[in-house]
Amino acid sequence: MPALVNYDSVGNDEKKKTFQFTLDDAKGMLNQSQRQFYEKNGFIVIPNLVPEELIDECKQRFLDIVDGVADAGAILRMKDLSLKDKKGLPNERIYNKIQDFVWDDALSKYVCLPEVLDYVECFTGPNIRAVHSMLINKPPDSGNRTSRHPLHQDLHYFPFRPANRIVAAWTAMEHIDDTNGCLVVQPGTHKGKLEQHDYPDWEKGVNKMYHGVRGAEDNDRVHLHMEKGDTVFFHPLVIHGSGTNISPNFRKAISCHYASSDCHYIDVRGTSQENIAKEVEDIAARRGVEMDFMQLWQFRSRDVRGNQAML
């Protein structure tokens, strides 16, 4: 099913409600119908937002980083579970994601792109911090279906609140549909709570830190078919994931999560987020970085607009 784009389909009762998930914006980036759509569904697609030239530059930077041509620095390179021990494959085939590139000379151009930040401001307000950056390289599936991403909520990974002042920007780097593993979202789930996340019981295994919400597979979902440069903004409680890439080609997307600089950190000990906090801390320790969950988030993020505050 293609992306929902009928922003005039919100009923009159919805139009009378006070906006909770979007903010008044002096630039007028979102019209009333778009705001109402996001309030109801928790996501909005903006077509052709990111220039193709920048997308091509980011793609080449990804290839240079995984091939060792460019210095990765603090960027984390992640391998597909089913291919990590294979020999003789090109690095583009082995690495399914890089993340934490907010300070990279090339990739940070996406993170700081004014066209993206103008929309982000509709959700976070004027003081914006980039908190998590990723370039996802979904390879043609190896036959183990490890290219899919379980249905999850991004707030599971974030030790800061309030959730309503956090938003993801996710940009297609090429044509994306059901064949190559498009993003799927469950509309309206942003109005729920943070669910328990665990590794799914998949026969062939699942990639590191790919936690999911058990039972979410039974809910209605929307498949977001997108073109190069299209960008979806979504709430951190929206349940979403992506399918298997059954095409012969790679499927790339670049994304960044943003939060209001006025957000505050929370203690996740004793909560459903404790498992991911420990896992993230353990991975960092194996790379020689001794930091707690909060410190790691401070380290991997940067202010991109407005005034610096709590985060």
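Below is a summary of the structure that appears in this document.

Thresholds, definitions, all that
- Residues numbered from 1 in each chain as written.
- Predicted model: local features only at pLDDT ≥ 70, side-chain atom pairs only at ≥ 80, totals over all residues.
- Heavy atoms only, no water.
- Pairing = 2+ DSSP bridges.
- Helix = DSSP H or I, 4+ residues; strand = E, 2+ residues; numbered from the N terminus.
- Axes fitted to C-alpha atoms, helices over the stretch in contact; angles between N-to-C directions.
- Buried < 20%, exposed > 50% of the residue type's maximum accessible area, 1.4 Å probe, protein only.
- Core = buried A, V, L, I, M, F, W, Y, C linked by side-chain atoms within 4.5 Å.
- Contact = heavy atoms within 4.5 Å.
- Expected span 1.5 Å × (residues − 1).

## Describing the sheet that holds strand E11 (residues 222-224)
For step 1, the next point in the chain: The strand order across the open sheet built from 4 strands is E5-E13-E8-E11, with neighbouring strands paired in antiparallel fashion. The sheet terminates laterally at strand E5 (149-152) and E11, the two strands that pair on one side only. Direction aside, the axes of adjacent strands within the sheet are offset by 25° on average.
For step 2, the next point in the chain: With 3 bridges joining them, strand E8 (residues 183-185) and strand E13 (residues 240-242) adopt antiparallel strand pairing. Bridge pairing in E13 places Val184 opposite Gly241.

## Focus on unusual backbone geometry
For step 1, the next point in the chain: Here the residue pair Arg161 and Pro162 is connected by a cis peptide bond, since its omega of 5° sits within 30 degrees of zero.
For step 2, the next point in the chain: Structurally, Pro162 can be placed in the loop between strand E6 (160-161) and strand E7 (166-172).
For step 3, the next point in the chain: Phi angles above zero are rare outside glycine, and Asn48 is one such case at about 50°.
For step 4, the next point in the chain: On the secondary structure map, Asn48 appears in the loop between strand E1 (43-46) and helix H3 (52-66).
For step 5, the next point in the chain: A relative accessible area of 58% places Asn48 in the exposed class.
For step 6, the next point in the chain: Even without being a glycine, Asp100 presents a positive backbone phi close to 65°.

## Re the nonpolar core
For step 1, the next point in the chain: Grouped together as the largest cluster of nonpolar side chains are 67 residues, with contacts concentrated most on Val116, Phe233 and Tyr258.
For step 2, the next point in the chain: When residues of this core are assigned to their parent elements, the largest contribution, 7 residues, is made by H3.
For step 3, the next point in the chain: With sequence-adjacent residues up to four places away left out, Val116 is seen in contact with Leu49, Val50, Tyr110, Ala169, Phe233 and Tyr258.
For step 4, the next point in the chain: In terms of nonpolar packing, the next biggest core, distinct from the first, is built from 20 residues, Leu155, Phe160, Ala163 and Phe293 among them.

## Here we look at H3
For step 1, the next point in the chain: In this model, H3 (15 residues) spans 21 Å end to end at C-alpha, consistent with the 21 Å of a helix rising 1.5 Å per residue.
For step 2, the next point in the chain: Residues Leu54, Ile55, Cys58, Phe62, Leu63, Ile65 and Val66 constitute the buried set of H3.
For step 3, the next point in the chain: In the segment just after H3, Gly68 is the residue with positive phi, at about 80°.

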